[in-house]
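Chain residues, written in single-letter form:
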Amino acid sequence: MLKSVQTALLGATLLGAALFSPAHAETKINALFMAQAAYSEADVRAMTEAFTKANPDISVNLEFVPYEGLHDKTVLAQGSGGGYDVVLFDVIWPAEYATNKVLTDVTDKITPEMKSGVLPGAWTTVEYDGKRYGMPWILDTKYLFYNKEILEKAGIKAPPTTWAELAEQAKTIKDKGILATPIAWSWSQAEAAICDYTTLVSAYGGSFLKDGKPAFQTGGGLDALKYMVDSYTSGVTNPNSKEFLEEDVRRLFQNGDVAFALNWTYMYNMANDPKDSKVAGKVGVVPAPGVEGKSKVSAVNGSMGLGITSTSKHADEAWKYITFMTSQATQNQYAKLSLPIWASSYDDPAVAKGQEELIAAAKVGLAAMYPRPTTPKYQELSTALQQAIQESLLGQAKPDAALETAVQNSGL
Amino acid sequence: MTNNWITTRAWFLMLPLLIVMVAIIGWPLFDTVRLSFTDAKLVGTAGNFVGFENYVRILSGPNFQRTLITTFWFAVLSVSAEMVIGVLAALLLNQQFYGRSVLRALMILPWALPTVVNATLWRLIYNPEYGALNAALTQMGIIGAYQSWLGEPGTALASLIVADCWKNFPLVALIALAALQAVPRDITAAAMVDGAGAWSRFRFVIMPYLAGPLMVALVLRTIEAFKVFDIIWVMTRGGPANSTRTLSILVYQEAFSFQRAGSGASLALIVTLLVTILAVAYAALIRKSAGVS
């Protein structure tokens, strides 16, 4: 039944396409994006429309998947002989994509203007082994968001500058009976948990790998997990954080149910939109805190890039599209949910307008971005760490034992 | 006409179907078997022959045993609940009452929903902050505070089983309802006259008519439940702390997330083998209960 409907629809579409296709030859490229955090689906569609208007000989077919499906969908399409010309990729994948030849090396296509104009930190998003596999597009890290009204009610003068202070302030809010669980995190068994963990690892001065071997089970890596467990068991963290993704955290924060939340850039303007948010106008944002004697601020590199697949037959058109999407003009125009990769944009009053606080936090946070490990076996390592985090939170294992198990399961 | 000619004609008529089946089932299966003895990656390398290494590594690894147990519990509990609820629903819908045909049609709805839609719905119902289940249970005073149904290892699998039951019991009910139409009214009436109670009438008069068709439902549902993937992937992705990770999710991770096509293939074949054993055992049971040797 479903099949026949599909066939009918396909038939109708083909017929439609045949009847209404423009007279001139058109190159069709397929692009894969995500519908989660950063630019919204509507933004990407609007940008693409502007591109096709300027380039009527190219049409772009857009597809959106949740972040969780992005990697597997890209790899599967490649395994079955392609399908996408342009794919969005996370900062943690270039090592694997380059090793398995999923993406095309575009080092030679990058112009001197791009080289000098884009923030140096942004380039790490697309680099592996000295080569560049695309253009950075989403420059993002996790910031500490806070609810100004709640902090004021609790008599807290300034947002925390250390993680210990965050725990204290949350306890004050809890003890005063303002909120039962003032902090929300995205600790679901997913990559989101690793981003929160990495932020803490950077604060505690830890490292994931040393000489290619796991090093997260001691020092800063262990301290980071211990902090998560303490925050969870002491009752200042919303216990449902262990099944939250970023969007769950955003809903809770927008509803005024938490005082503190770690989340990406996109939450700032969404939580400040009175149409959807109960906390509009009360949203504060600062770089994620540091650890006394170890760091002033902390940040995870959560940037993403746009690349051309090695199976693409329209590499030139694909690059044209990527150039347009990552151009300073496009990025400045859509700077509300994701900040530009271009250095000079941060001093552009038009970009900063209405989000001065976010820009101020970004200037500090983006400079402190800490990378997740660069290894072709990243997916295995991440899966092992996700398990360690969840087992520790649930009390099934002590943090040190859980991380030791993660070392065994990491495949490194 | 000779027997020989009938056999030849039968094979001849089946030939087009057989060709298609070999092409779309036989060849991929053969290729999976070949892959399972290599260290092939999903993209890039074709892989070298490694013998039984993949099988040994998977069967002796810590993940396999745990996921097998999770899968076993999921299959046993969800299928038994579906059988019981399905038969009860069928008995109810077999009664004469006003609005019966509307209810019969409505019952199909959960089964007709795509699994992904069903899983998303249940995720919302189980939401720890805004979920309908939490609201209903606290308002009725059954639980004191909102619970994290999918975030606690103790309740995550059970919550998944409930969601799976809601979707799949209509299939069992439908099959049972069809079978109930074959029960002659005069026999149930005669049993009633003879003083048989409700249970005895069900056990000795109706059950023999239901046994065969229910066996078919049991086979279908067990095989499906053993291969479960989508509902869990959407609702928990195997979490919390891998407490709902089933065999199919392990296959997916191995083959697609970690891109080890070789060992993913061997794991998939192990699952296939387990399901085949189940199917053969059931088939034998059906033959026995139907009295055919």
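Residues numbered from 1 in each chain as written. Chains lettered and ligands numbered in written order. Predicted model: local features only at pLDDT ≥ 70, side-chain atom pairs only at ≥ 80, totals over all residues.

1. Quick notes on the overall build of chain B
Within chain B one finds 12 helices and 0 strands. Mapped in sequence order, the helices and strands of chain B form the string α-α-α-α-α-α-α-α-α-α-α-α. Dimensions along the principal axes, computed over C-alpha positions, put chain B at roughly 75 × 75 × 30 Å. Looking at chain B residue by residue over its 293 residues, the buried ones come to 32%. A sequence separation of at least 24 residues applies to 70% of the contacts in chain B between residues at least 6 apart. (Helix = DSSP H or I, 4+ residues; strand = E, 2+ residues; numbered from the N terminus. Buried ≥ 20, exposed ≤ 12 C-beta atoms within 10 Å, placed from the backbone. Contact = placed C-beta atoms within 7 Å.)

2. Focus on the overall build of chain A
The secondary structure content of chain A amounts to 18 helices and 14 strands. Dimensions of chain A, computed from the C-alpha atoms along their principal axes, are close to 70 × 55 × 50 Å. Out of the 412 residues belonging to chain A, those deemed buried represent 52%. In chain A, 74% of the contacts between residues at least 6 apart in sequence involve partners at least 24 apart.

3. Some points on the sheet that holds strand β7 (residues 143-147) of chain A
Residue and element names in this part refer to chain A. Across the sheet, 5 strands lie side by side as β8-β11-β7-β12-β13; this open sheet has mixed pairing. Strands with a single pairing partner mark the edges of an open sheet, and in this sheet they are β8 (183-184) and β13 (297-298). Here helix α11 (residues 246-254) sits on the sheet and contacts β7, β8 and β11 (260-263); the angle it forms with β11, its principal contact strand, is near 150°. (Pairing = 2+ DSSP bridges. Axes fitted to C-alpha atoms, helices over the stretch in contact; angles between N-to-C directions.)

4. Looking at the confidence of the model for chain B
Residues and elements named next belong to chain B. Of the residues in chain B, 97% reach a pLDDT of 70 or more, and the chain-wide mean stands at 90. Here helix α12 (residues 261-290) stands out as the element of chain B with the lowest mean pLDDT, 86, in contrast to helix α7 (residues 153-180), whose mean of 95 is the highest. This prediction of the complex comes with two scores: 0.87 for pTM and 0.85 for ipTM. (pLDDT = per-residue confidence, 0-100.)

5. Some remarks on the sheet that holds strand β14 (residues 304-308) of chain A
All names here are of chain A. Spatially, 5 strands are ordered β2-β1-β3-β14-β6 in an open sheet, and the strand pairing comes out mixed. For this open sheet the edge positions go to β2 (58-65) and β6 (135-138), each flanked by a neighbour on one side alone. Within the sheet, the average angular offset between the axes of one strand and its neighbour, ignoring direction, is 30°. Bridge analysis of strand β1 (residues 27-34) against β2 gives 8 bridges, and the strand direction is parallel.

6. Details of the UniProt feature "transmembrane region" (unreviewed entry) in chain B
Residues and elements named next belong to chain B. UniProt records the feature "transmembrane region" (unreviewed entry) for residues 12-30, 72-93, 105-125, 156-183, 204-223 and 265-285 in the present numbering. Taken end to end, residues 72-93 is 100% helix and 0% strand, and its two terminal C-alpha atoms sit 31 Å from one another. The annotated region residues 156-183 carries 89% helix and 0% strand content, and the separation between its end C-alpha atoms amounts to 40 Å. (UniProt positions renumbered as here; feature names shortened; annotations may be inferred.)

7. Looking at the interface of chain A and chain B
Each partner contributes residues to the interface: chain A has 24 residues there, and chain B has 21 residues. Sorting the residues of the side of chain A that touches chain B by element identifies α3 (67-79) and α17 (378-393) of chain A as the ones contributing at least two each. Split by residue class, the side of chain A that touches chain B holds 7 nonpolar, 11 polar and 6 charged. (Nonpolar A, V, L, I, M, F, W, Y, C, P; charged D, E, K, R; others polar.)

8. Regarding the domain arrangement of chain A
Residues and elements named next belong to chain A. Taken domain by domain, chain A holds domain 1 (28-140 + 302-367) and domain 2 (143-300 + 377-409). Each of domain 1 and domain 2 has a C-alpha centre, and the two are 27 Å apart. For the side of domain 1 that touches domain 2, the secondary structure elements donating two or more residues are α4 (94-99) and α16 (356-367). With 5 residues, the single largest contributor to the side of domain 1 that touches domain 2 is α16. Of the residues that constitute the side of domain 1 that touches domain 2, the class distribution is 9 nonpolar, 5 polar and 5 charged. (Domains from an automatic or database assignment.)

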